[in-house]
Amino acid sequence: MAAVEGPARTRSPWPRPSSPIPRIKRMLSIKSTTPRTAPENHLCTIPTEVIRNVGHHVSSLRDVLSISLTCHRARTALFPRLYANVELSTNRQCKAALEALTHRPRVTRHICRLIVRPNNVERTPQGEYLDEPYVASLIATMAIRMSSLRSFYWDGLEMPNDELWLSLRKFCPLLKSLGTSVGYLPIRNTNPLFDFRDLISFTLSVKSDSLEWLSDERPEIEKLPRRCWEMLLENCPNLQELSIGGSAPSPRIFDTRHVTAGRWPRLRKLTLGDMQLLPLNDRD
């Protein structure tokens, strides 16, 4: 039987359109050779003075910290606002912060007010003790770079050693507000603390880490060193705030009668804790 052939197919003069899917796949699989760039931080283009003014007017220090973390320029500009007031209230803060600050002169030169509370009775767990002479030595090391320091308060169990007062007096010419706590150790008349001049604020507070002394008789009245009164009465005519003694009952009671001889026209605040005023006599 002869095969029956159909009509022959003729080729179209136009090429058949190809599927676009493979081409799209190839396009999507090609990796871009252009490196990605981080988005521009517009805060870094703002003048430094503007950044400082913003930090000065922001009330929340947490917000100032957030701004400082945006770029290196903002962090540097806000150093004076972030570190103007430093208060260390726990042993961990005292040790970690002071050890770090001794190696960061760019930060310490902005500190204007420093409060250190080693062995804080309210925040120190039982059995934990921080070596207070070590803390004082760290501050003495920092003093050479704290030219902006205006106020310093030591709130330890005992008064710090002489080295600290000598360093602060030598390297901190703007220091005019000074305070320290005293424990059970005697206050020496030769203490360099009493070499400061022209203070506007002075605090001498009594600290105690226990109440065992209450079982004994009432403590005897102590006289403050003569050089302490010389500093206050003769060398600090612009005194504005004065605080002496501790809250009652206090393990140490000072005779503060000489405060009545003070002539401080700018005095605005006077605090006398558990103390006693004895009558003056010719020998005193």
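Look a little higher up for the structure.
Reading the values: the criteria
Residues numbered from 1 in each chain as written. Predicted model: local features only at pLDDT ≥ 70, side-chain atom pairs only at ≥ 80, totals over all residues. Heavy atoms only, no water. Pairing = 2+ DSSP bridges. Helix = DSSP H or I, 4+ residues; strand = E, 2+ residues; numbered from the N terminus. Axes fitted to C-alpha atoms, helices over the stretch in contact; angles between N-to-C directions. Disulfide = S-S within 2.5 Å. Buried < 20%, exposed > 50% of the residue type's maximum accessible area, 1.4 Å probe, protein only. Parallel < 35°, antiparallel > 145°, perpendicular 65-115°, else oblique. Left-handed = near helix turned anticlockwise from the far one by under 90°. Contact = heavy atoms within 4.5 Å. Nonpolar A, V, L, I, M, F, W, Y, C, P; charged D, E, K, R; others polar.

Now for the sheet that holds strand β1 (residues 85-88). Judged by pairing direction, the sheet is parallel, and its seven strands sit side by side in the order β1-β2-β3-β4-β5-β7-β9 without closing on themselves. Bordering the open sheet on either side are β1 and β9 (269-272), each of which pairs with just one other strand. Neighbour-to-neighbour, the strand axes of this sheet turn through a mean angle of 5 degrees, independent of strand direction. One ladder, built from four bridges, connects strand β2 (residues 113-116) with strand β3 (residues 151-154); its direction is parallel. Paired with I115 across the bridge in β3 is Y153.

On inspection of all chains with the given rule, the structure shows zero disulfides. C228 takes part in no disulfide bond, and the closest cysteine sulfur to it belongs to C236, at a distance of 9.5 Å. A residue is classified by how much of its surface remains accessible, and C236, at 0% relative accessible area, is buried.

Backbone geometry places N119, a non-glycine residue, at a positive phi of 55 degrees. Within the chain, D198 stands out as a residue other than glycine whose phi angle is a positive 55 degrees. One can find D198 in the loop between β4 (177-182) and β5 (201-206). Owing to a relative accessible area of 28%, D198 belongs among the partly exposed residues under this scheme.

To continue, consider the packing of helix α8 (residues 132-142) against helix α9 (residues 162-171). It is the contact of α8 with α9, at a shortest axis distance of 9 Å, that shows an interaxial angle of 15 degrees. Overall, the two elements α8 and α9 adopt an arrangement that is roughly parallel. Judged by the sense of rotation from one axis to the other, the crossing of α8 with α9 is left-handed. Residue-level contacts link A136, S137, I139 and A140 of α8 to E163, L164 and S167 of α9. Considered class by class, the residues forming the contact of α8 with α9 number four nonpolar, two polar and one charged.

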